[in-house]
Amino acid sequence: MKRDHQESCGVGGGIAGYDTKSGNNKGESSSSMGKGKLWEEEQDPGGMDELLAVLGYKVRSSDMADVAQKLEQLEMVMGTAQEDGISYLCSDTVHYNPSDLSGWVQSMLSELNPPMCLDASGMLQNQHDPVLGSSTVTFSNPLSHKSEIFSGDYDCDLRAIPGVAAYPQPDSISERENSRKRMKTSPGSDTSNATTSNSNSTPPLLADASSSSLSSSSPPSTIMISGNLSEPSRPVVLIDSQETGVRLVHTLLACAQAVQLENLKLAEALVKHIGLLAASQASAMRKVATYFAEALARRIYKIYPQECLDPTYSDALEMHFYETCPYLKFAHFTANQAILEAFATASRVHVIDFGLKQGMQWPALMQALALRPGGPPAFRLTGIGPPQPNNTDTLQQVGWKLAQLAGTIGVEFEFRGFVANSLADLQPEMLDLRPPEEETVAVNSVFELHRLLARPGGIDKVLSSVKAMKPKIVTIVEQEANHNGPVFLDRFTEALHYYSSLFDSLEGSGLAVPSQDLVMSELYLGRQICNVVACEGADRVERHETLTHWRTRIESSGFDPVHLGSNAFKQASMLLALFAGGDGYRVEENNGCLLLGWHTRPLIATSAWKLGG
Amino acid sequence: MHHHHHHPHVSSPHATQKRLKFCINDHIDILIEILKRLDGRSLGVAACVCRLWCTIARNDSLWEDLCFRHVSPPPSGVRAVVVALGGYKRLYMVCVRPVLSRLGRRLRLGDSDRVGRVWTRDEVQLSLSLFCVDYYERLGRLGGGGGGSGGGGGGGDTSAASLMFLCKPVNV
């Protein structure tokens, strides 16, 4: 028999939660009192509910709705009262007899005596305000309509596990995780209730910085309850996906912290939990969470991804990424502009490309050189690439294509390819450099330098090699992120933000879903995520650092900055305007460097350098 | 000879032999002058009228005028490059039209084709660069028998995948 009046009061009683889809934002609560609540229950009206009785609770069937509602209120109150009213619960271990649920709930409620207004939204807003800025609006609005359901602090999800020192106790926790999972899977379908519109124009859905609250959380939200309970006593409320989104982020961070503390059992439990939460999300967040969860799982189970994947595969992925979103194009166009300006009067030019890949950067440069007033210079390109399997000479193929293009547009062209495992293996003498009077050299590196940070001394060696090449200009494009800190949790948090923005921008790219391009672009990013999170040591090559870091490093190596001019800025802005979803992209100038970002978050930075005086 | 300018050219069966009709098809130079002044869409439509018009409309110089109509004379050498990379018609269809319409829309101008919207040198440069990338991609496909580039919106020509973003409709 269904609880009809549960629906009418808008409180998802969690009983066959399928019927709470009445279009309001309220999710259903699966009361943890009994998984019995999830299924059709048989009961004899008036008497004790049988299923609950099995578990040791005595609740009148007729009271069930009432108790459920009170439990929700209790949870909410506990959540809002977290800072103030609840700390005493930790120290004052008064135990109530949980078998009399009604009585217990009532006494809890009256004790806590909720004086605070149920301003859940206000609470949430304050928590996330400093980080999200404008995006808090999207968070709090739906919540402000839900005065009743508020899931409080997510740390409580685990810490509220009854029993002294419930956390960390890996065994009991994973067991509870499992039981909680059982509860969650059935209403799993109902989370489609989500009315979220993670529209493309909203900033990334990340609520953060509660990593700090996470670490200080051990507290005061543990409820001491005696008895032989096998289930967590706190009802778990699954609300609409924005709420779950925040919860998802918290779970990800909790898992990362567990990994950092080497608490692998807990981490394992959390990773599985993430999968469930992710299912309820809209696409960008779900994909990001899935990739991060996978990377965490790899780290936990020590199944490290193979680094030496077929470069043609990674090139193909990169091509799709090139086509889908403007980041690579931005990188190429801005670097080309700087090179073009440096080559303004040269008659013979030589470009050394640290990562040739498919050579997509050079057609545009060659065309601009071809149309240079005064005619094109002689153009020499040296491309460096990783070793290929099967002895296929990709570099030569690319060189040949470029040569064809050069012939078509009338530019004298010469190409040389070098295969190197790492840029640090490169010796300037190998490059057949001619004296600066004869030819002007430009060195170009798009997303290549950060890999050198994986081995000590690599970057210094390369920078000194670059100096030995006597370039007129060095163009460097790198990710604008700090993924190389010493602490894993910090790296993880940073990466979560960064890739959320990236995935968000992919969603906004206006591609029809599903689209192969989109999927491949996401895979491309997913591999980076995997590397950042799951790998360590020399394998972890995606060691992104911010522009500030790079500036310091490059300047101290003896280079001076070159300002990218307004032409580059204009070109970049125009290029971005061409992309669907172009509203979200922003070009910024920072001390002569150009940054491309999605909304407020800079993602890519282009900088140009010359030899120091 | 009477010039019935307001009559569309139709050879009506009951036209009197005495009155000589003006048939535009007899005056290709005038036709070209007229077509030169059309906007892109009309030029495309004109190409569908009859075989003669189709042949004329395919003439690249018409499209060259279209591309550079509102811009000061392009630097010398542009023609050689553009022709080598595929011609002005392709340049227009693949790059210029989307660029103008996207950027024009963003600037809240009217139909950027028709109105004398000034097309800046930067936009020219950008379009040419994208065009070059397009050519390069097609090289790759021809050479390696690569996977089909999903045919974009440009008049029947399949555009290279890297310019797919230009073919996607923009939600303005």
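This one's a predicted model, so the numbers in the text were calculated from it and none came from an experiment.

This part takes up the UniProt feature "domain: F-box" (unreviewed entry) in chain B. The sites that carry the UniProt feature "domain: F-box" (unreviewed entry) are, in the present numbering, residues 28-66 of chain B. A distance of 18 Å separates the end C-alpha atoms of residues 28-66 of chain B, which is 77% helix and 0% strand.

Time to look at unusual backbone geometry. All names here are of chain A. Its identity as a non-glycine residue notwithstanding, D432 has a phi of 55 degrees, on the positive side. As for its position among the elements, D432 is in the loop between β5 (413-419) and β6 (440-446). Given the relative accessible area of 35%, D432 is considered partly exposed. In this model, H599 sits at a positive phi of 55 degrees, which is unusual for a non-glycine residue. As for its position among the elements, H599 is in the loop between β10 (593-598) and β11 (601-611). By relative accessible area, H599 is classed as buried at 15%.

Think of two packed helices as two axes; the pair is described by the angle between the axes and how far apart they sit. All names here are of chain A. For the pair helix α19 (residues 488-507) and helix α20 (residues 516-534), interaxial distance at closest approach is 10 Å and the crossing angle is 175 degrees. Regarding the angle of α19 to α20, the classification is roughly antiparallel. Of the residues in α20, those in contact with F488, R491, F492, A495, Y499, L502, F503, L506 and E507 of α19 are L518, S521, E522, L525, Q528, I529, V532 and V533. When grouped by side-chain class, the residues that make up the contact of α19 with α20 number 12 nonpolar, two polar and three charged.

A few words on the environment of E429 of chain A. Residues and elements named next belong to chain A. Mapped onto the elements of the fold, E429 is located in the loop between β5 and β6. Judged by its relative accessible area of 63%, E429 falls in the exposed class. Considered as a pair, E429 and A468 are 39 residues apart in the sequence and their alpha carbons are 9.0 Å apart.

Pairing between side chains of opposite charge can happen when their charged atoms approach one another. All names here are of chain A. The full count for this structure, using the stated rule, is 21 salt bridges over all chains. The partner of E318 in a salt bridge is K357, and the shortest N-O contact between them spans 3.5 Å. You can see E318 sitting in helix α14 (residues 311-324) and its partner K357 sitting in the loop between β3 (348-353) and α16 (362-370), a full 39 residues away along the chain. Its relative accessible area of 26% is what places K357 among the partly exposed residues. When the shortest N-O distance is used, the salt bridge between E412 and R348 registers 3.6 Å. Linking E412 in the loop between α17 (394-409) and β5 with R348 in strand β3, this pair joins segments that are 64 residues apart in sequence. Overall, E412 belongs to the exposed group, its relative accessible area being 52%. One network of salt bridges, with partners in common, ties together R380, E414, D432, R434 and E439.

This part takes up the state of the cysteines. Simply put, the disulfide is a covalent bond whose two ends are the sulfur atoms of two cysteines. All names here are of chain B. As enumerated under the stated definition, the model contains zero disulfides over all chains in all. Just so you know, C132 is unpaired, no disulfide at all, and the nearest cysteine sulfur is the one on C95, 9.9 Å from it. A relative accessible area of 0% means that C132 is categorised as buried.

Definitions and limits used
- Residues numbered from 1 in each chain as written.
- Chains lettered and ligands numbered in written order.
- Predicted model: local features only at pLDDT ≥ 70, side-chain atom pairs only at ≥ 80, totals over all residues.
- Heavy atoms only, no water.
- UniProt positions renumbered as here; feature names shortened; annotations may be inferred.
- Helix = DSSP H or I, 4+ residues; strand = E, 2+ residues; numbered from the N terminus.
- Buried < 20%, exposed > 50% of the residue type's maximum accessible area, 1.4 Å probe, protein only.
- Axes fitted to C-alpha atoms, helices over the stretch in contact; angles between N-to-C directions.
- Parallel < 35°, antiparallel > 145°, perpendicular 65-115°, else oblique.
- Contact = heavy atoms within 4.5 Å.
- Nonpolar A, V, L, I, M, F, W, Y, C, P; charged D, E, K, R; others polar.
- Salt bridge = Lys/Arg side-chain N within 4 Å of Asp/Glu carboxyl O.
- Disulfide = S-S within 2.5 Å.

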